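# A structural walkthrough
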Amino acid sequence: IRFLTAGESHGKELVGILEGIPANIDIDMDFINNELKRRQKGYGRSERMDMEKDEMDIISGINNGKTTGNPISFKIKNKGYLEVLEKIYRPRPGHGDLSGAIKYHQDNVRNVLERASARETAARVGVGSICKTLLKKLNIDIYSHVIQVGGIVSEKSIYEKGNIEDIKEADKSIVRVVDSLAEEKIVEKIKSAKKKGDTLGGTIELIAVNIPVGLGSYASWDSRLDGKIAQSIMSIPGIKAVEIGNGLEGGKSYGSQVHDEIYYEEKYFRKTNNAGGIEAGVSNGEDIVVRCTMKPIPTLRQPLNSVDMTTKLVSLAQVERSDVLAVPSASIVAESMLAYTIAQEIMRKFGGDSIEELKRNYFNYIDGVSSR
Ligand code: EPS
């Protein structure tokens, strides 16, 4: 499967095309629109989020509530559409403004920010919601929560094998943090950042459950599942680091403390999951665990130093309406990108033009694997 999005932050609409989804999958528009809504929530977002009420308008590929096997295309309207776009000459440090303007030979940064803007991720969540629907047919689910904002760490419910029940509650928090003490401190920190005209970033943890053994391959560098996941998560605007399992801590420990010992009782299993469900670029049947860190939003109300592109003189960066924190939103985008990447690997390995065929292929393999 593959997807493409188009659309600008203040253009008429966003569009998405998702190809390769098998026929006969029931599509629940309420689920899809709720996914779009989940991305728009989160304390610390800009007024733009009160204005936009994202809804998916299906153009093709779905008939009578079921996928047809044809490419699925859809639109999401921009209520923030602007007929006239003011030129912007003072690039923001941390944004794609300056590099984009130089690269595309622009005299100002407007056309760059229109596409570099994370508004585009609404379409990715549209794609992800369809991929999640496919994965659900195979009992695969994806969860996420925010585990750190501005240096305040959620002490509770960081992933450990088997503890994911708490994580399912993340949507109840306005910052998608399960630890209520950390949540309180984070909300305070957002308020203080806002007062100072500053912004914040943070860390997201993602967990995919009921993953079969054998997605991805060590056979070639570009078939490794961890590499594909890293690329898809890193492609989310603002993400500067991606970690699989306890990768960061693991590098500071002895091998004996890191590697997940292998046991057998009717089937193979592990008691720990430091590997985050992937060894040698292949899923090992454990939950896939990914963490990613987003930098603070680059648009500051107290702007940083920059250079005016017309005069080349020192100048403060452009101030635009913006978010103080978008990590809770990015967590939904990250779920979507992980859902897409796993769905892509599932289709690559098991194939099928209809969901009936996919399920036959898939569960036949699962039966074979569980009797090993
Ligand atoms: C964004 C700036 C803000 C955000 C936007 C991303 O938009 P505006 O400049 O219109 O206020 O609200 O995010 C979205 C619109 C969205 O749907 O997530 C940016 O510069 O990246």
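As the structure is a prediction and not an experimental result, all values here were calculated from the model.

## What about the nonpolar core?
Counting 82 residues, the largest nonpolar core has Ala208, Ile233, Val290, Ala334, Leu338, Ile342 and Ala343 as its most contacted members. With 13 residues, the single largest contributor to this core is helix H10 (residues 327-350). When residues no more than four places from it in sequence are discounted, the contact partners of Ala343 are Ile1, Cys131, Leu134 and Leu135. With five residues, the next largest nonpolar core counts Ala101, Val112, Leu113 and Met309 among its residues.

## Describing the sheet that holds strand E6 (residues 72-77)
The antiparallel open sheet is built from four strands, whose spatial order is E1-E2-E6-E3. This sheet does not close on itself; its edge strands, each paired only once, are strand E1 (2-6) and strand E3 (56-60). Neighbour-to-neighbour, the strand axes of this sheet turn through a mean angle of 20°, independent of strand direction. In terms of strand pairing, E3 meets E6 through four bridges, oriented antiparallel. Counterpart to Ser60 in the pairing with E6 is Ser73.

## What to know about helix H5 (residues 121-136)
Spanning 16 residues, H5 covers 22 Å between terminal C-alpha atoms, matching the ideal 22 Å at 1.5 Å per step. Burial within H5 is extensive, with 15 of its 16 residues counted as buried.

## Examining the site of the ligand
Around the ligand, the surrounding shell holds 16 residues, and the nearest of these are Arg48, Ser117, Ala118, Arg119 and Arg321. A per-class count over the shell around the ligand returns three nonpolar, seven polar and six charged.

## Observations concerning the UniProt feature "binding site: NADP(+)" (unreviewed entry) in the protein chain
According to UniProt, the "binding site: NADP(+)" (unreviewed entry) feature falls on Arg39 and Arg45. Position of Arg39 relative to the elements: it lies in helix H1 (residues 29-40). Given 27 C-beta atoms within a 10 Å radius, Arg39 is considered buried. When sequence neighbours within four positions are dropped, the list of residues in contact with Arg39 reads Thr121, Ala122, Val125, Ser329, Ile332 and Val333. Its place among the elements puts Arg45 in the loop between H1 and helix H2 (48-51). The exposure class of Arg45 is partly exposed, given the 19 C-beta atoms found within 10 Å.

Rules and cut-offs
- Residues numbered from 1 in each chain as written.
- Predicted model: local features only at pLDDT ≥ 70, side-chain atom pairs only at ≥ 80, totals over all residues.
- Core = buried A, V, L, I, M, F, W, Y, C linked by C-beta atoms within 7 Å.
- Buried ≥ 20, exposed ≤ 12 C-beta atoms within 10 Å, placed from the backbone.
- Helix = DSSP H or I, 4+ residues; strand = E, 2+ residues; numbered from the N terminus.
- Contact = placed C-beta atoms within 7 Å.
- Pairing = 2+ DSSP bridges.
- Axes fitted to C-alpha atoms, helices over the stretch in contact; angles between N-to-C directions.
- Expected span 1.5 Å × (residues − 1).
- Near = placed C-beta within 6 Å.
- Nonpolar A, V, L, I, M, F, W, Y, C, P; charged D, E, K, R; others polar.
- UniProt positions renumbered as here; feature names shortened; annotations may be inferred.

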